[in-house]
Structures are given as C-alpha cells and as structure tokens.
Amino acid sequence: KAVAKSPQKITEFFFGASVYPELQTRDEWNAMLDHFQRAQMNCVRVSESSWGNLETASGHYEFGWLQHFLDDLEKRKMRAILGTSSYVPPQWLAAGRPEILVQSHPGVKAHPMARHAPCLNHPLYRSALRQYILAIGKEFKDHPTVIGWQLGNEEEGSIKQICYNPACEGAWRDWLRKTYHSPEQFNRRLDLVSWGMKVDSLGRVPQPGEGVEESGAQIAALTLAHRHFRRDVLLNFFLMQAAALREAGVQQWILTDWNTLWDAVADDPLAASSMDIAGLNDYQPREDDPTFWMNFTWQQDMHRSAYGRSHFIITENRFGVI
C-alpha cells in the first residue's frame, strides 16, 4: 500500500553528523553541539541504532534522554533525522526469542548481537518492530526539530542473502505461487526443460544453495528468481515501516540510507512509494579511482530522478578524502 508523500519543502541546506547521545551525559552532548554550531552544522542523525536504548523491555519505553536531546537541539534551532533502528533489535528480543534470527544454514542461527541478524519475514520480529515504530512515531511526530525518519540502515545487503528460517522458507514458496501460479509456468519461464529439472510442485522448489561442483554454480534462472524474491521482501519491509510511521501521525520525510551499489533497488517504484527522498551513503576511496567517481555520478543522478526531486540526502560520508 502506497504511503502519502510529505509536503515538506527544502528551505535550507542541511549539514551535520550522526550522533549517539545515549553514550553521553547531557553536558557532554551539549558541548558537542556547541562544537557543531561553530562548524556551521545545523542537522544530526540520531536513534539510527538505538532501539534497545529506547525500548528496554517489551512495551517499556524510555524516551526521556532522546526528548532532552531533541529539546537541546531545538534551543539551537538545529534539526534531526530519527532512525527506526530496524537493523539492530534489542537483545531482549534477538537473544530472548532466537527463532526470529536469520539462518545461514538450516538450524544455524545468526548471532543475536550481529547487525541485520533478524529474519525480515518473521512475524514476531515484524510485530515487535511495528509496535516500536508506532510508539516512537507517536512520541516524536510533532517535535519541531524532526525533519525526517530513516528506515533501518544499509538494508539492501539482504537481497543477496539466503535465509533458511522457516518463516523465509514459507515466504519463498508463497512468493513462487504468487509469481508463477503453476509448476508449468515456472518450468517454462526458468527453461528448466533444458536441464531436465522440471518440477511438479512449487511447494518443493528449494531456495538456491551450495552446489557440489567445484564452482558451486547454481541454475542462474533460479538464483535470479530468488534475488527478485528478496527484493520484494525488502521493499515490503520498507513499506511496513513507512506505513507504521504514517499511522503514528508522522508527516516528515521518510528515507533510508542506500549504498552506492549497482544492485541496490533504490529506483524500484515500490521504494519510491514508501519513501519521500533518497538517502545515500557516500564512502569515497582513499586512493585514486576514476571509476568510482564515474559510477558515483550515475548514482547521484539516479537517486535524484528515482524520487522525482532535484536533491537527495547524503546520510553517511567519509571526510578528508577529497
């Protein structure tokens, strides 16, 4: 379901940094903000990885420190982009309910402290995340410092991931039925007759996995189909978060921080329907690399055009290289 676009307009150039005030005292973060102002900074990204510091137990929220920080920003007329922190859930959820974790092999769960450890298809993880987003959205939707909300962090890496969590296995087969409708259409579209590998049930089509040949090669069409499945999972995951923010009453921009990858899906129509502006992580190489700059120019143009705007937000950067 598409999310309504925000009417917000650009009125100033935003320049700032990512901050983690939960690691500081109030005096320390105010001293930091004084330095920022001397550097002409006027915006920060905050709570991008703070879910566990804001929801310390299921349904128990401690928003006080973030409220104080945003209030101190407001005194300086500075702005903030808040994060949903969906890529790093709290340990009471990730370690306490290990069934939500990605499985790199059947039964082999990701470490609960790892970033991007949860299975994006697991209903318990999605439910807990949605309730958290509703809570933080309602709490800060009207704070005058907030100009945007970032969904997760560098999430597109999940597109190449094969997850054997039962929730993902079930979602894969549901996607096959929705996409191909019948074994006959699946066989035809993947040209499986040429390998003599026709299937008679979509319910028995496995996800791609390791091969026994030296190259570990897979049937390319199956691998491509799985990438399309993971793309749709990720875009649906973004839509769920954006819808929760809008349900909470959030009117500011919604974005995520895409990497400069050729296989990112920032220009997919479903990405633009869940987000209002592109965020782009810009890590320039330390050595001379003309190809990077040529590709990055293309990335900048794509991120502008995909969202129908002449501008975008650089969400992460490496200073000192240029």
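Definitions and limits used
Residues numbered from 1 in each chain as written. Predicted model: local features only at pLDDT ≥ 70, side-chain atom pairs only at ≥ 80, totals over all residues. Heavy atoms only, no water. Helix = DSSP H or I, 4+ residues; strand = E, 2+ residues; numbered from the N terminus. Expected span 1.5 Å × (residues − 1). Contact = heavy atoms within 4.5 Å. Pairing = 2+ DSSP bridges. Axes fitted to C-alpha atoms, helices over the stretch in contact; angles between N-to-C directions. Phe/Tyr/Trp six-rings, centres within 6.5 Å; stacked < 30°, edge-to-face > 60°. Buried < 20%, exposed > 50% of the residue type's maximum accessible area, 1.4 Å probe, protein only. Salt bridge = Lys/Arg side-chain N within 4 Å of Asp/Glu carboxyl O.

1. Points about helix α1 (residues 26-38)
Then comes step 1: Here α1 contains 13 residues, and its C-alpha end-to-end distance of 19 Å stays within 8% of the 18 Å for a straight helix at 1.5 Å per residue.
Then comes step 2: Looking at the buried residues of α1, the elements they touch are β1 (16-18), β2 (43-46) and α3 (64-75).
Then comes step 3: Among the residues trailing α1, Gln-40 stands out with phi positive, at a value near 70°.

2. With respect to the sheet that holds strand β5 (residues 79-83)
Then comes step 1: One open sheet holds the five strands; their spatial order is β1-β2-β5-β8-β9, and the pairing between them is parallel. Edge positions in the sheet fall to β1 and β9 (253-255), since each has one partner strand and no second. If you compare each strand with its neighbour and ignore which way they point, the axes differ by 20° on average.
Then comes step 2: Bridging between β2 and β5 involves four bridges; their strand directions are parallel. Each bridged residue has a counterpart across the sheet, and for Arg-45 the counterpart in β5 is Ile-81.
Then comes step 3: Along the sheet, helix α5 (residues 123-140) makes contact with β5 and β8 (146-150), crossing β8 at roughly 170°.

3. Focus on the packing of aromatic side chains
Then comes step 1: For the structure on display, the rule yields 15 aromatic pairs.
Then comes step 2: Ring centres of Trp-262 and Trp-298 lie 4.8 Å apart, and the angle between their planes is 35°; on these two criteria the pair is classed as tilted. Pair noted here: Trp-262 is in the loop between β10 (257-258) and α9 (269-274) and Trp-298 is in helix α10 (residues 290-306), with a separation of 36 residues, a long-range link.
Then comes step 3: Taken together, the ring pairs connect Trp-172, Trp-175, Tyr-180, Phe-186 and Phe-229 into an aromatic cluster.

4. What about the environment of Cys-43?
Then comes step 1: Positionally, Cys-43 belongs in strand β2.
Then comes step 2: Overall, the relative accessible area of 8% leaves Cys-43 in the buried class.
Then comes step 3: Considering only alpha carbons, one finds Cys-43 and Arg-79, 36 residues apart in sequence, at a separation of 4.4 Å.
Then comes step 4: Non-local contacts of Cys-43, meaning those with residues more than four positions away in its chain, are made with Phe-14, Phe-15, Gly-16, Ala-17, Met-78, Arg-79, Ala-80 and Ile-147.

5. Re the environment of Phe-312
Then comes step 1: Counting through the fold element by element, Phe-312 comes out in the loop between α10 and β12 (313-317).
Then comes step 2: Accessibility expressed as a relative area gives 17% for Phe-312, which makes it buried.
Then comes step 3: Along the backbone, Phe-312 and Leu-280 are 32 residues apart, and their C-alpha atoms lie at a distance of 7.5 Å.
Then comes step 4: Among all residues touching Phe-312, those that are not within four sequence positions of it are Ile-277, Ala-278, Leu-280, Gln-300 and Arg-304.

6. A short note on the sheet that holds strand β11 (residues 279-282)
Then comes step 1: Reading across the sheet, the three strands line up as β10-β11-β12 and stay open at both edges, with parallel pairing between neighbours. Looking along the sheet, the strands with just one partner apiece sit at the ends: β10 and β12.
Then comes step 2: Each of β10, β11 and β12 is contacted by α10, which is oriented at about 170° to β11, the strand it contacts most.

7. Quick notes on the pattern of salt bridges
Then comes step 1: Enumeration according to the criterion identifies 17 salt bridges in this entry.
Then comes step 2: For Glu-247, the salt bridge goes to Arg-130, with nearest N and O atoms at 2.4 Å. Separated by 117 residues along the polypeptide, Glu-247 in helix α8 (residues 220-247) and Arg-130 in helix α5 bring together distant segments of the chain.
Then comes step 3: The exposure class assigned to Arg-130 is partly exposed, which follows from its relative accessible area of 29%.
Then comes step 4: Ionic pairing is found between Arg-177 and Asp-174, a salt bridge with its closest N-O pair at 3.3 Å. Of this pair, Arg-177 and Asp-174 both sit in helix α6 (residues 166-180), three residues apart, which is roughly one turn of the helix.
Then comes step 5: A residue is classified by how much of its surface remains accessible, and Arg-177, at 40% relative accessible area, is partly exposed.
Then comes step 6: Members of the salt-bridge network, linked through shared partners, are Arg-45, Glu-48, Asp-257 and Glu-316.

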